[in-house]
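Each chain is listed here by its residues.
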Amino acid sequence: MKEMNENCGVFAAYDLESDRTVIPHVIDGLFQLQHRGQLSTGITSFSEARKQILRTLKGTGLVSEVFHLSEEENSHVIQKDLKGAVAIGHVRYATSGHGCIDDAQPFEYKHGKRHQWFSFAFNGNLANAENLAAKLTSEGYHLRHDVDTEVIMHFLARSFETDNYEATFTTLQDQIDGACSMVTLNALGNLFVYRDKHGFKPICYTITPDGFCLISSESSALLPYSSEVIDVAPGELITILRETRTLVKKQLCPPEKASCFLEYVYFSRPTSRLDGCSVYDSRLAAGRILAEVEDQNLDENCVVIPVPDSARIAAEGFAETLGIPLRNGLIRNTYAGRTFIEEEGRVAKVRRKFSFAHNIMHNKRIFLLEDSLVRSTTLTTVIQEIHRQCGPR
């Protein structure tokens, strides 16, 4: 399960009416998606008013750090430098590679022909990345990064040799195996939003009343702008060409829908809807279903404890169904970040992540609800600490 790390976030914006800058929208969108990736972030923007028509800025760290949101003057300079009517952005957890700045997205592919000069960002994981990399190597390619992003970039670049964009993404779809929800921007100012035929990872969009098209991995980042959020269908390509500034949909192939269960129970915000399904409602239902199969005898010493934060809602459904009190026995350190993909010193990080309420859990029969069982490292450490800190004295 080492590679169960395919959680990232993409955001894009297009001014459909004029040439207003979309950078504030993209930065805000990435900030709203920060829970999906805290390793690195980046933005590529389009503007014909500068020599570098596509300009990419990315760095390791949080959105607020990379774009200096706490330093008004510096942030203003950055946003002015990135100014553009179209932009794409990304927040990253490492699906592959080592988490350095070179692996951060968006990935920009520079070319003398504008329709072949592009930048893209995606959320997902290629199951056949090694095979595709071997194919490229056998054809004389030199891969500089240990990430599936570079593999996609080269296959996308070869398909972009013509301006038949539908054929480009159809070809890409035929070659890749895995999850891929992608935003791509070329130096003609054309924006492409693609979701693989399985629709394993979410992506959606809205058009705001003032004429901005916003694309996001989650609906929660779009709801401040518009109440009407539309999911990109599995196998669908959305194109916005600079010359028309009109959103056009094309179904590239019949969908073969599959869902990532971690999106519903862990990755996504409770306020999001994934393919029409409320994340909050799905977590509540999961807790209720779990309660229906519970076979333990219950008494007055029973208590339900969620492992914060995303397990709280499932714990609500579990506790309500069984009539057991729900208590916050674990208090999470807000600044600790998520730990399920951390490799170094992970146990120590888990211990820093939680405080344990002795008065709530001491000598209690605890129903501990956890929702991020990938390698059980977090849960194992939590249980050990509950016994050590809150067990019988």
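What you are looking at is a predicted structure, and each value in this text was computed from that prediction instead of being measured.

(A) Geometry of the overall build of the protein. Of the regular secondary structure elements, the protein holds 12 helices and 19 strands. For the protein, the C-alpha radius of gyration of 22 Å lies close to 21 Å, the compact-globule estimate for 393 residues. Each principal axis of the C-alpha distribution contributes one length, and for the protein these read about 70 × 45 × 40 Å. Evaluated residue by residue, the protein yields a buried proportion of 54% over its 393 residues. In the protein, 67% of the contacts between residues at least 6 apart in sequence involve partners at least 24 apart. Roughly 17400 Å² of accessible area belongs to the protein as shown, and the carbon and sulfur atoms make up 51% of that amount. Charged side chains of the protein number 42 positive and 50 negative; the gap between the two group centres comes to 3 Å.

(B) Seen up close, the sheet that holds strand S8 (residues 191–195). With respect to topology, 6 strands assemble into an open sheet ordered S5-S6-S7-S8-S12-S13, the strand pairing being antiparallel. Looking at the sheet topology across the chains shown, the edges are occupied by strand S5 (107–109) and strand S13 (247–251). Taken over all neighbouring pairs, the strand axes of this sheet differ in orientation by 20° on average, direction set aside. Here 5 bridges tie strand S12 (residues 236–240) to S13, and the two strands are oriented antiparallel to one another. Bridging across to S13, Glu-236 finds its partner in Gln-251. Most of the contacts of helix H5 (residues 148–159) go to strand S6 (residues 118–126), to which it runs at about 125°, and overall it touches S5, S6 and strand S7 (178–186).

(C) A look at the side chain of Ser-217. Tracing the backbone shows Ser-217 in the loop between strand S10 (212–216) and strand S11 (230–231). Only 2.8 Å separates the side chain of Ser-217 from the backbone nitrogen of Val-10, close enough to count as a polar contact. Those residues in contact with Ser-217 that lie beyond four places of it in its chain are Cys-8, Gly-9, Val-10, Leu-33, Arg-36, Asn-123, Pro-202 and Ile-203.

(D) Looking closely at empty space enclosed by the protein. On inspection of all chains with the given rule, the structure shows 3 cavities of 30 Å³ or more. By volume, the largest cavity is sized at about 60 Å³. Its residues assigned to classes, the lining of the largest cavity comprises 6 nonpolar, 2 polar and 4 charged.

(E) Highlighting the packing of H5 against helix H6 (residues 165–175). Viewed as axis vectors pointing N to C, H5 and H6 meet at an angle of 140°, and their least axial separation amounts to 9 Å. Between H5 and H6, the crossing angle belongs to the class labelled oblique. Crossing of H5 against H6: the hand is right-handed. Where H5 abuts H6, its residues Ile-152, Phe-155, Leu-156, Arg-158 and Ser-159 lie against Thr-168, Phe-169, Thr-171, Leu-172 and Gln-175. Each residue belonging to the contact of H5 with H6 can be placed in one class, and the counts come to 5 nonpolar, 4 polar and 1 charged.

(F) Fine view of the state of the cysteines. Summed over all chains, the structure comprises 0 disulfides. Here Cys-8 is not disulfide-linked; the sulfur of Cys-180 is the nearest cysteine sulfur, at 11 Å. Cys-204 forms no disulfide, and the closest cysteine sulfur to it belongs to Cys-213, at a distance of 11 Å. The buried category is assigned to Cys-204, whose relative accessible area is 2%.

(G) Layout of the pattern of salt bridges. One pass over the full model with this rule turns up 18 salt bridges. In this structure, Asp-19 and Arg-242 form a salt bridge, with 2.9 Å as the shortest nitrogen-oxygen distance. In this pair, Asp-19 sits in the loop between strand S1 (8–15) and helix H1 (23–32) while Arg-242 sits in the loop between S12 and S13, placing the two residues 223 residues apart along the sequence. The partner of Asp-275 in a salt bridge is Arg-195, and the shortest N-O contact between them spans 2.9 Å. Here Asp-275, found in the loop between strand S14 (273–274) and strand S15 (277–278), pairs with Arg-195, found in strand S8; they are 80 residues apart in sequence, far enough to count as distant. On the basis of relative accessibility, which here comes to 1%, the residue Arg-195 falls in the buried class.

(H) Region of interest: the nonpolar core. Judged by nonpolar contacts, the single largest core of 27 residues is most densely connected at Phe-120, Ile-152, Leu-156, Phe-169, Leu-172, Met-182 and Tyr-194. Going through the elements one at a time, S6, helix H4 (129–138), H5, H6, S7 and S8 are the ones with two or more residues in this core. Sorting elements by how many residues they give to this core places H5 first, with 6 residues. Counting residues in hydrophobic clusters, the runner-up holds 24 residues, among them Phe-46, Trp-117, Ala-121 and Ile-203.

(I) Structural detail: the packing of aromatic side chains. Under the counting rule described, the total for this entry stands at 11 aromatic pairs. Relative to Phe-192, the ring of Tyr-165 has its centre 4.6 Å away and its plane inclined at 50°; by these criteria the two rings are tilted. Taken together, the positions of Tyr-165 in helix H6 and Phe-192 in strand S8 put the pair 27 residues apart, joining distant regions of the chain. No difference in accessibility class separates Tyr-165 from Phe-192, as the two residues are buried. Ring centres 5.5 Å apart and planes at 40° place the aromatic pair Phe-169 and Phe-192 in the tilted group. Here the residue Phe-169 occupies a position in helix H6, and Phe-192 occupies one in strand S8, the gap between them amounting to 23 residues. By relative accessible area, which is 0% here, Phe-169 ends up buried. Overall, the relative accessible area of 0% leaves Phe-192 in the buried class. The residue whose ring lies beneath Arg-158 is Phe-155, and the NZ or CZ to ring-centre distance is 4.8 Å.

Cut-offs and rules
Residues numbered from 1 in each chain as written. Predicted model: local features only at pLDDT ≥ 70, side-chain atom pairs only at ≥ 80, totals over all residues. Heavy atoms only, no water. Helix = DSSP H or I, 4+ residues; strand = E, 2+ residues; numbered from the N terminus. Rg over C-alpha atoms; globule rule 2.2 N^0.38 Å. Buried < 20%, exposed > 50% of the residue type's maximum accessible area, 1.4 Å probe, protein only. Contact = heavy atoms within 4.5 Å. Areas by Shrake-Rupley, 256 points an atom, 1.4 Å probe, with all protein chains shown as cover. Lys, Arg positive; Asp, Glu negative; His and termini not counted. Charge placed at Lys NZ, Arg CZ, Asp CG, Glu CD. Pairing = 2+ DSSP bridges. Axes fitted to C-alpha atoms, helices over the stretch in contact; angles between N-to-C directions. Polar contact = N/O pair within 3.5 Å; in protein donor to acceptor, adjacent residues only side chain to side chain. 1 Å grid on protein atoms, 1.4 Å probe; cavity = no way out; pocket = protein on both sides within 12 Å on 5 of 7 lines; lining within 4 Å. Points joined across faces, edges and corners; volume = space filled by probe spheres on them. Nonpolar A, V, L, I, M, F, W, Y, C, P; charged D, E, K, R; others polar. Parallel < 35°, antiparallel > 145°, perpendicular 65-115°, else oblique. Left-handed = near helix turned anticlockwise from the far one by under 90°. Disulfide = S-S within 2.5 Å. Salt bridge = Lys/Arg side-chain N within 4 Å of Asp/Glu carboxyl O. Core = buried A, V, L, I, M, F, W, Y, C linked by side-chain atoms within 4.5 Å. Phe/Tyr/Trp six-rings, centres within 6.5 Å; stacked < 30°, edge-to-face > 60°. Lys NZ or Arg CZ within 6 Å of the ring centre and 35° of its normal.

Treat this as a map of the structure, not an account of what it does.
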